[in-house]
Every structure is written in structure tokens, then in C-alpha cells.
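The residues making up each chain are set out below.
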Amino acid sequence: MRATARDSVHPWQFGLAVCAAVTPLPPIVASGDGFFVLPLVVATTVVLAIPLFLHARPSAFKRATGTISAVLLPWSLIGAWFGMFLFFPSIPLLLLAAFADPRRRPTAAKVLAGAGLLLAAAVALLWWGRGY
């Protein structure tokens, strides 16, 4: 069964989910810190990528982004000792991705997508400015 464009996740939602998965990676890759945290980073990134595979099912996409955000909050706070706090900006990005569908809420989706893009850009500039 093929999914039509109407049945799939909007590109804005997909883009925000990509930002949530990619935004924490540059400082981790650039820091070159020990290989101790590498398995934790890979596992967290794999979990963050799950919604990207659910682009053909909007209800599953929303459920996955909400669940992953709920799990990522304590993980990024408790794992702060290991550098997992870098995944903290992914939480609001995933939540914004869940609701940034302009087919359902045109005005709110523009605001949510813009806020998510601004957040991803601000975090990237912040980390770039710190010299990671």
C-alpha cells in the first residue's frame, strides 16, 4: 500500500525531526572526547532517528515524537555527567515536529516551524561560538 502526500508527515515536521537528530551531533563529533560516551551517543541518536522512519504514518510519527521526548528529558538530565545534556534541545524540537502540520493548523504550524528552526540555528551558533 502506497502512502500519498496527504497521508504522510508534512515536510516541515520531517525537517524538524531531522534537526532534532542532527543538532546535538556537531559538538560531539568535533570534541573528540573519549570513546566512553560514543556508545551512549550512538544509541541516543538511533532512538532520535525513529520518527524519521515513520514519515508515512502521521499518527505513529506524533506518538513516537512524544514518547521519545518524554524519555529523552530524564535521559539528558541524568546523563549530563556523560555529556548527554547536548541532546536536551532535541526535546522541544521533537515536540514542535509533532504539531507543525500546516494542513491542520496553518498559522500555528508556521509559528511552530519557525520556532523550531530558530532554536536549531541558535543552538548550532551557540556551540559553534564556543569552539566545539
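These numbers were taken from a predicted model, which means no experiment stands behind them.

Colleague: Can you lay out the overall build of the protein chain for me, pointing to particular residues and giving the numbers?
Modeller: A tally of helices and strands in the protein chain yields 6 helices and 0 strands. When the helices and strands of the protein chain are placed in sequence order, the string is α-α-α-α-α-α. Taking all 132 residues of the protein chain together, the buried fraction comes to 38%. Across the protein chain, every contact between residues at least 6 apart in sequence was considered, and the portion connecting residues at least 24 apart equals 72%. For the protein chain, the accessible surface area stands at approximately 7900 Å², while carbon and sulfur atoms represent 74% of it.

Colleague: Now, about the packing of helix 3 (residues 38-48) against helix 4 (residues 58-78): what can you tell me, with residues and values included?
Modeller: Think of two packed helices as two axes; the pair is described by the angle between the axes and how far apart they sit. Viewed as axis vectors pointing N to C, helix 3 and helix 4 meet at an angle of 160 degrees, and their least axial separation amounts to 11 Å. Relative to helix 4, helix 3 is oriented roughly antiparallel. The two elements helix 3 and helix 4 cross, and the hand of that crossing is left-handed. Between helix 3 and helix 4, the residues in contact are L40, T44, V47 and L48 and I68, L72 and W75, respectively. Among the residues making up the contact of helix 3 with helix 4, the classes are represented as 6 nonpolar, 1 polar and no charged.

Colleague: So what's going on with the pattern of salt bridges? Residues and values would help.
Modeller: For side chains of opposite charge, pairing can occur when their charged atoms come near one another. Summed over all chains, the structure comprises 2 salt bridges. Note that R104 is salt-bridged to D101, the shortest N-O span being 3.4 Å. Taking relative accessible area as the criterion, R104 reaches 60% and is therefore assigned exposed. On the basis of relative accessibility, which here comes to 7%, the residue D101 falls in the buried class. One connected set of salt bridges, linked through shared partners, spans D101, R103 and R104.

Colleague: Give me the lowdown on the side chain of T65, citing residues and values where you can.
Modeller: On the secondary structure map, T65 appears in helix 4. A distance of 2.9 Å separates a polar atom in the side chain of T65 from the backbone oxygen of K62.

Criteria and cut-off values
- Residues numbered from 1 in each chain as written.
- Predicted model: local features only at pLDDT ≥ 70, side-chain atom pairs only at ≥ 80, totals over all residues.
- Heavy atoms only, no water.
- Helix = DSSP H or I, 4+ residues; strand = E, 2+ residues; numbered from the N terminus.
- Buried < 20%, exposed > 50% of the residue type's maximum accessible area, 1.4 Å probe, protein only.
- Contact = heavy atoms within 4.5 Å.
- Areas by Shrake-Rupley, 256 points an atom, 1.4 Å probe, with all protein chains shown as cover.
- Axes fitted to C-alpha atoms, helices over the stretch in contact; angles between N-to-C directions.
- Parallel < 35°, antiparallel > 145°, perpendicular 65-115°, else oblique.
- Left-handed = near helix turned anticlockwise from the far one by under 90°.
- Nonpolar A, V, L, I, M, F, W, Y, C, P; charged D, E, K, R; others polar.
- Salt bridge = Lys/Arg side-chain N within 4 Å of Asp/Glu carboxyl O.
- Polar contact = N/O pair within 3.5 Å; in protein donor to acceptor, adjacent residues only side chain to side chain.

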